[in-house]
Amino acid sequence: MSSLHQAHLVVYDINKDFKKKIINLTPYLKKVKDFKEIKELAVSLRTIDGYDYVFLRNTRSDKQFAYNLDTNQFLTSNLPDYSYSKDELLYYGDKSSARNQMNDSTMWGYLKREGKPSENAILTDRVIDRPMRPLFPKDYRNDVALNNLVMSVDPDCSPELTAMLGSAIATAISDIPFDGPTASTMVGLIDGEFVINPTSAQKEVSDLALTVASTREKVIMIEAGANEVPEDVMLEAIFKAHEVNQEIIKFIDTIVAECGKEKHDYEHHIVDPEMYDDMVAFITLEAMEEAVFTDDKQTREANIRAIEEKLEERYAENEEWLAQIGEAVYAFQKKTVRKMILKDHKRPDGRDIKQIRPLHAEVDCLPRVHGSALFQRGQTQVMTVTTLGSLSEAQRLDGIDVTETTKRYMHHYNFPSYSVGETRPSRGPGRREIGHGALAERALVPVLPSEEEFPYAIRTVSEIMESNGSTSQGSICASSLSLMAAGVPVKAPVAGISVGLVTGEGDDDYIILTDIQGLEDFFGDMDFKVAGTDKGITAIQMDIKIHGLTEQIIREAIARTKEARTHILHDVMNPVIPAARDHVGEFAPKISQYTIDPEKISEVIGKQGKTINGIIDETGVKIDIDESGRIDILSEDQAMIDKAISIIKSIVEPLNVGDIYEGEVVRIMNFGAFVQLSPNKDGMIHISKLSNERVEKVEDVVNIGDKVAVKVLEIDKMGRINLKLEEKIED
């Protein structure tokens, strides 16, 4: 095969009517060492830090390059860090065959083959990724694919936890550079006692669902859902799991010693030191501090872009340095922000280390929905809408967990491109959106009323209107407010907050930041999200970029979130709506419940559904019946609900001799009139019982369609009902 002579890149912009752009890469590639050895290039497109990059890989040598489509820069070294991509290269497959079941999740059972990953599989991908990602070298550019295929499931042995351990072991024994291993443990809390790796039955009654991942020295990942567990109990559970993880790591070490491979070397990517020093001297530290020191995201981005333009002009004749501008500015910006925070205790927007951005909350923003609320923290703004429906509208699940088949509460999180000033087409929720939605859902489930207390299916949708960090925690606050505004009787309001971390040289050289904004999250070392009530924690999710957290940092972070959460609840949310309303909104469906003998369900439904459909047609209500005999009647009109219940009662309850009932004349014979007392009960008024006086013709007194009040005189052995007319009911 001959070497590569010409290389042209053709790009179609879907935001601009598929406008075609042709880029000649040949002049750039000819300057690459060993250009003649390039025979074939593998191409991939990725968006990193707001820039669109085309990555090119020499399939023969694995040498990589990148072309920035926004700045027209060709990078031969110091490529943007995309490491390995959890969105594309981490896979956890929860196949129905593993649980001894067919796949009936789609098309009413017509499709049996698994399709796209389930929500549980996506969330498992993310929990596998979080403890492993920080342990790969930051300048490692090779893709790493981890495939976890669930072949068989023991319900008492979590396949998610097994996948976490398997991924860590597989990477540890491979030749891939990885500063592991990691170990993971689940902890439950039953009757005040911790349970390590609880069984399926124990999870059902546990007040805590905690997963902790550790390295040899530190905790590297925490994820939890909890029934308002106090902070001190949560901390004890975390460190208990960390102790267990050390035993697992010892076991993994024996595997690595037996069959582990030597880690391979790789091409390191760093900014040219000479170029970096020249840039710092030219721009100056003071100018960079001035560029990033603002509370407005757009202003900061414009300042950084102005610096890049100055450098492009300065290095116009030096193509090698020109190609490194993006990464060099990133490194300079990161170093500046971290120095400002760690050494000067100066945050980019001027806040104190413990200070929360300006807060605002309101409810009833949208007049026709069942419930709505807006929560704003600085330049992060979230609108949540609550929708109520019947329990039959609960989401059906077909996942690997056979104990969870329906979900009554659904929280969906949407992050549109306009929230960060971009123009990307929407192609449905990504893994990040699914993860944030699941986190908010987990935070709110512990305070929701039971089905018996509140017989509704509940859906909240959080729309991110504007984003500058910590939107997931903003969605928890907005959703809590929206639920209360909708009349959902939550046990207590829930608030969420995120704290960040910037570390220095040693374990004691660090600073924790309350309420991190986007820049602090981007250049910092931690995003520690905690949600809960005044009573305790309901959810935790910890993401870090370093090799773990010490016990001291974890304790301080949780204490800081408690302090901030209390402020948000008492000073911002409670003044807006201190408790859930005692009624659902005007446009929300009202629900009344009525329980019947399960053996009478067929009488309410009728032959081919005739009876129940007749009730629905007459009243306009929605009726749901479950196998226990519980009937839910929904309508916006309470009077129609009462009427439907009255009809159902008339069907299932026996008639009492001597009682008076209302009915409609449905048939007339020479000897009397037949009256429908309920859809399954007709009685007859003999002509002699129509009046105390002699009646020549039945039609002289009643006609078909007349509403009448009648007394039950007799129910004979054959079940025939004899009636007496009490009065005609005028319309």
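Our structure's up above, just so we're on the same page.
Bear in mind the structure is a predicted one, so any value in this text is a computation, not a measurement.

1. Considering the overall build of the protein
Right, so step 1: When you go through the protein residue by residue, the secondary structure sums to 18 helices and 31 strands.
Right, so step 2: For the protein, the proportion of its 731 residues judged to be buried stands at 51%.
Right, so step 3: Within the protein, counting contacts between residues at least 6 apart in sequence, those at least 24 apart form 68% of the total.

2. What about the pairing of strand 28 (residues 672-678)?
Right, so step 1: Within strand 28, six of the seven residues are buried, which leaves the element mostly enclosed by the surrounding structure.
Right, so step 2: Between strand 27 (residues 660-669) and strand 28, which pair antiparallel in sequence order, lie two residues.
Right, so step 3: Pairing analysis gives six bridges linking strand 28 to strand 29 (residues 681-686), with the strands arranged antiparallel. In the strand pairing of strand 29, A673 is matched with I685.

3. What to know about the nonpolar core
Right, so step 1: If you look at the biggest cluster of nonpolar residues, it comprises 51 residues, and the most contacted ones within it are L210, I222, M234, I238, F528, L549 and I554.
Right, so step 2: Here the element with the most residues in this core is strand 12 (residues 219-229); it accounts for seven residues.
Right, so step 3: Each residue touching I222, except ones within four places of it in the same chain, is listed here: L210, T211, I238, F528, I540, Q541, M542 and I554.
Right, so step 4: With 46 residues, the next largest nonpolar core counts L448, Y456, I577 and I591 among its residues.

4. Notes on the packing of helix 6 (residues 231-259) against helix 15 (residues 551-576)
Right, so step 1: Packing of helix 6 against helix 15 leaves a shortest axis separation of 11 Å and a crossing angle of 155 degrees. Between helix 6 and helix 15, the angle falls in the class roughly antiparallel. Handedness of the helix 6/helix 15 crossing: right-handed. The residues of helix 15 that touch helix 6, namely those facing E231, L235, I238 and F239, are E551, I554, R555, I558, K562 and R565.
Right, so step 2: In terms of residue class, the contact of helix 6 with helix 15 is built from five nonpolar, no polar and five charged.

5. As for the packing of helix 9 (residues 297-314) against helix 11 (residues 325-342)
The description of two packed helices rests on the angle between their axes and on the distance between the axes.
Right, so step 1: Where helix 9 contacts helix 11, the two axes come as close as 10 Å, and the packing angle between them is 130 degrees. Between helix 9 and helix 11, the angle is such that the two are oblique. Where helix 9 crosses over helix 11, the two elements pack in a sense that is right-handed. Every residue of helix 11 that contacts helix 9 at R300, I304, E308, L311 and E312 is listed here: I325, G326, V329 and Q333.
Right, so step 2: Here the residues of the contact of helix 9 with helix 11 sort into four nonpolar, two polar and three charged.

6. Here's the deal with the side chain of R408
Right, so step 1: Mapping R408 onto the fold places it in the loop between strand 17 (406-407) and strand 18 (409-414).
Right, so step 2: Despite its burial, R408 pairs with no opposite charge; the closest candidate is E451, at 4.9 Å N-O.
Right, so step 3: Of the polar contacts made by the side chain of R408, one reaches the backbone oxygen of P449; its length is 2.6 Å.
Right, so step 4: Setting aside chain neighbours within four positions, we find R408 in contact with L391, A394, P449, S450, E451, F454, Y456, A457 and I458.

7. Here's the deal with the sheet that holds strand 14 (residues 371-377)
Right, so step 1: On the basis of which strands lie adjacent, the open sheet formed by five strands has the order 13-14-15-19-18 and mixed pairing. This sheet does not close on itself; its edge strands, each paired only once, are strand 13 (359-363) and strand 18. Geometrically, the sheet is characterised by an average inter-axis angle of 15 degrees between neighbouring strands, direction not taken into account.
Right, so step 2: In terms of strand pairing, strand 18 meets strand 19 (residues 457-466) through six bridges, oriented parallel.

8. Quick word on the pattern of salt bridges
Right, so step 1: A complete count under the given rule lists 41 salt bridges for this structure.
Right, so step 2: Where K529 meets D527, a salt bridge forms, and the shortest distance between an N and an O atom there is 3.2 Å. With respect to class, K529 is no different from D527; both count as buried.

9. Structural notes on the packing of aromatic side chains
Right, so step 1: According to the stated counting rule, one finds ten aromatic pairs in the structure shown.
Right, so step 2: Measuring from ring centre to ring centre gives 5.1 Å for F136 and F178, while their planes differ by 50 degrees; the resulting arrangement is tilted. Of this pair, F136 sits in the loop between helix 3 (119-132) and strand 8 (146-150) while F178 sits in the loop between helix 4 (159-173) and strand 9 (183-190), and the two are 42 residues apart along the sequence. Neither residue differs from the other here; F136 and F178 are each classed as buried.
Right, so step 3: Among the aromatic residues, those joined into a ring-pair cluster are Y330, F522 and F523.
Right, so step 4: It is R368 that lies over the ring of F587; its NZ or CZ is 3.7 Å from the centre.

10. Focus: helix 8 (residues 285-292)
Because the α-helix completes a turn every 3.6 residues, residues three or four places apart line up on one side.
Right, so step 1: Along helix 8, the residues that are buried comprise M288, E289, A291 and V292. Viewed along the axis of helix 8, the buried residues span an arc of 160 degrees, placing them on a single side of the element. Opposite the buried face of helix 8, at more than 90 degrees from it, the exposed residues are E286 and E290.

What counts and how
Residues numbered from 1 in each chain as written. Predicted model: local features only at pLDDT ≥ 70, side-chain atom pairs only at ≥ 80, totals over all residues. Heavy atoms only, no water. Helix = DSSP H or I, 4+ residues; strand = E, 2+ residues; numbered from the N terminus. Buried < 20%, exposed > 50% of the residue type's maximum accessible area, 1.4 Å probe, protein only. Contact = heavy atoms within 4.5 Å. Pairing = 2+ DSSP bridges. Core = buried A, V, L, I, M, F, W, Y, C linked by side-chain atoms within 4.5 Å. Axes fitted to C-alpha atoms, helices over the stretch in contact; angles between N-to-C directions. Parallel < 35°, antiparallel > 145°, perpendicular 65-115°, else oblique. Left-handed = near helix turned anticlockwise from the far one by under 90°. Nonpolar A, V, L, I, M, F, W, Y, C, P; charged D, E, K, R; others polar. Lys, Arg positive; Asp, Glu negative; His and termini not counted. Salt bridge = Lys/Arg side-chain N within 4 Å of Asp/Glu carboxyl O. Polar contact = N/O pair within 3.5 Å; in protein donor to acceptor, adjacent residues only side chain to side chain. Phe/Tyr/Trp six-rings, centres within 6.5 Å; stacked < 30°, edge-to-face > 60°. Lys NZ or Arg CZ within 6 Å of the ring centre and 35° of its normal. Arc of directions from axis to C-beta.

In short, shape yes, function no, at least from these values alone.
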